[in-house]
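Here is how the chains run, residue by residue.
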Amino acid sequence: MPALGFGTWRAPNEEVEKALNEALEAGYRHIDTAPVYLNEKTIGNVLKEWLDAGRLTREELFIVTKLPPHGTRAATVEKFLRRSLDDLQLEYVDLYHVHVPFTVPEVDGPFLMDDNGDIMLETTTDHVALWKAMEEVQKAGLARNIGLSNFNQRQIQRILDNCQIKPANLQIENHIYLQQPELVKFCKANGITVTAYSPLGSKGIEKLLNREVPDLLDNPAVKEIAAKLGRSCAQVLLRHLLQRGISTIPKSTNPRRLRENIALFDFELDDADMVRLNALDQSIRICDFAFFPGITKHPEFPFATESA
């Protein structure tokens, strides 16, 4: 898996088509998406154009998608993966994640809400049975690797205790204000690679969350290190993750920033810079699923205790 990928969350179709073309031109080969991002069909169209034109081979790409919250049950794993493969116009994905550890009722449209405005829950989530179904789609060649997203350490251990194929990767929110060192250490000890989403802090989801979120790019230490190195603040934040042994999938639709974000492999942060950035951890979670009202009532809500 390429250590630096292109994230597509909150990239609507009209933006993602242009941005993905720019990303592929810039050298991105690791592309991350999901059904709930509502852009898999557009991504599939772009990939098909590049592949049909011989500008890329399938082997050069590393495509990641996810089992959605309304598909988090053993009986629907293959159906939802095949739906994603149809939309992406691919025969397999390189990595298939369970997007979240909780389940909501299956729908073909917006998630169901109750009379109180809370999301309706399906509380019989069975991670052991679910993972066995994930193993089956890997054995069938529909996914080259299988992994988890937004699972906490307790939930991952349950799968490790009951699996034939270990999760290859864990995708979690990770940045200078939420470094989750114990969870990262746990994954590395168990041979699970870690991918950071929202590595630059996701300022754009304030309206979705209905609250302010911290601006990582405006942190004084980050700005000083960037000025010293002649790099952007974003490059410093992304390089920090790479040097911690974490892959990352920043999202941008700006061509200049896209190219800036991938230009990370010709410089390093020194030990003093790493110590300074490590010290910024404040356990501030931005993507706490507040846009799923009532989700904290689900028994598998992963952030109920910060063993997450």
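Since this is a predicted model, take the numbers as computed values, not measurements.

1. Brief notes about the packing of helix α8 (residues 220–229) against helix α11 (residues 271–278)
In step 1: The contact between α8 and α11 brings their axes to 10 Å, and the two run at 160°. Taken together, the axis directions place α8 and α11 in an arrangement best described as roughly antiparallel. You can see that α8 and α11 cross each other, and the crossing is left-handed. Of the residues in α11, those in contact with Ala221, Val222, Glu224, Ile225, Lys228 and Leu229 of α8 are Asp273, Arg276 and Leu277.
In step 2: Broken down by class, the residue content of the contact of α8 with α11 amounts to five nonpolar, no polar and four charged.

2. Some details on unusual backbone geometry
In step 1: A positive phi angle, near 45°, is found at Gln180, a position not held by glycine.
In step 2: Note on placement: Gln180 falls in the loop between β6 (169–173) and α6 (181–189).
In step 3: Accessibility expressed as a relative area gives 9% for Gln180, which makes it buried.
In step 4: Positive phi, normally seen in glycine, also occurs at Phe289, with a value near 65°.
In step 5: As for its placement among the helices and strands, Phe289 is situated in the segment after α11.
In step 6: Residue class for Phe289 comes out buried when judged on its relative accessible area of 4%.

3. Things to note about the packing of helix α1 (residues 13–26) against helix α10 (residues 255–262)
In step 1: Two numbers describe how α1 lies on α10: the axes approach to 10 Å, and their chain directions differ by 40°. As for how α1 packs across α10, the hand of that crossing is right-handed. On α10, the residues touching Ala19, Glu22, Ala23, Glu25 and Ala26 of α1 are Pro255, Leu258, Arg259 and Ile262.

4. Some points on the side chain of Thr42
In step 1: With respect to the helices and strands, the residue Thr42 is situated in helix α2 (residues 40–52).
In step 2: For Thr42, a relative accessible area of 12% gives the class buried.

5. Observations concerning the environment of His97
In step 1: Tracing the sequence through the fold places His97 in strand β4 (residues 95–98).
In step 2: In sequence terms His97 and Gly147 are 50 residues apart; their C-alpha atoms lie 4.5 Å from each other.
In step 3: Those residues in contact with His97 that lie beyond four places of it in its chain are Val64, Thr65, Lys66, Leu67, Met134, Gly147, Leu148, Ser149, Asn169 and Gln171.

6. Section: the pairing of strand β7 (residues 193–197)
In step 1: Within β7, four of the five residues are buried, which leaves it mostly tucked inside the rest of the structure.
In step 2: The handedness of the β6 to β7 crossover, carried by α6, is right-handed.
In step 3: In this structure, β7 lies alongside strand β8 (residues 247–248), joined through two bridges in parallel fashion. Bridge pairing links Thr195 to Ser247 in β8.

What counts, and at which threshold
Residues numbered from 1 in each chain as written. Predicted model: local features only at pLDDT ≥ 70, side-chain atom pairs only at ≥ 80, totals over all residues. Heavy atoms only, no water. Axes fitted to C-alpha atoms, helices over the stretch in contact; angles between N-to-C directions. Helix = DSSP H or I, 4+ residues; strand = E, 2+ residues; numbered from the N terminus. Parallel < 35°, antiparallel > 145°, perpendicular 65-115°, else oblique. Left-handed = near helix turned anticlockwise from the far one by under 90°. Contact = heavy atoms within 4.5 Å. Nonpolar A, V, L, I, M, F, W, Y, C, P; charged D, E, K, R; others polar. Buried < 20%, exposed > 50% of the residue type's maximum accessible area, 1.4 Å probe, protein only. Right-handed = clockwise from strand over helix to strand, strands pointing away. Pairing = 2+ DSSP bridges.

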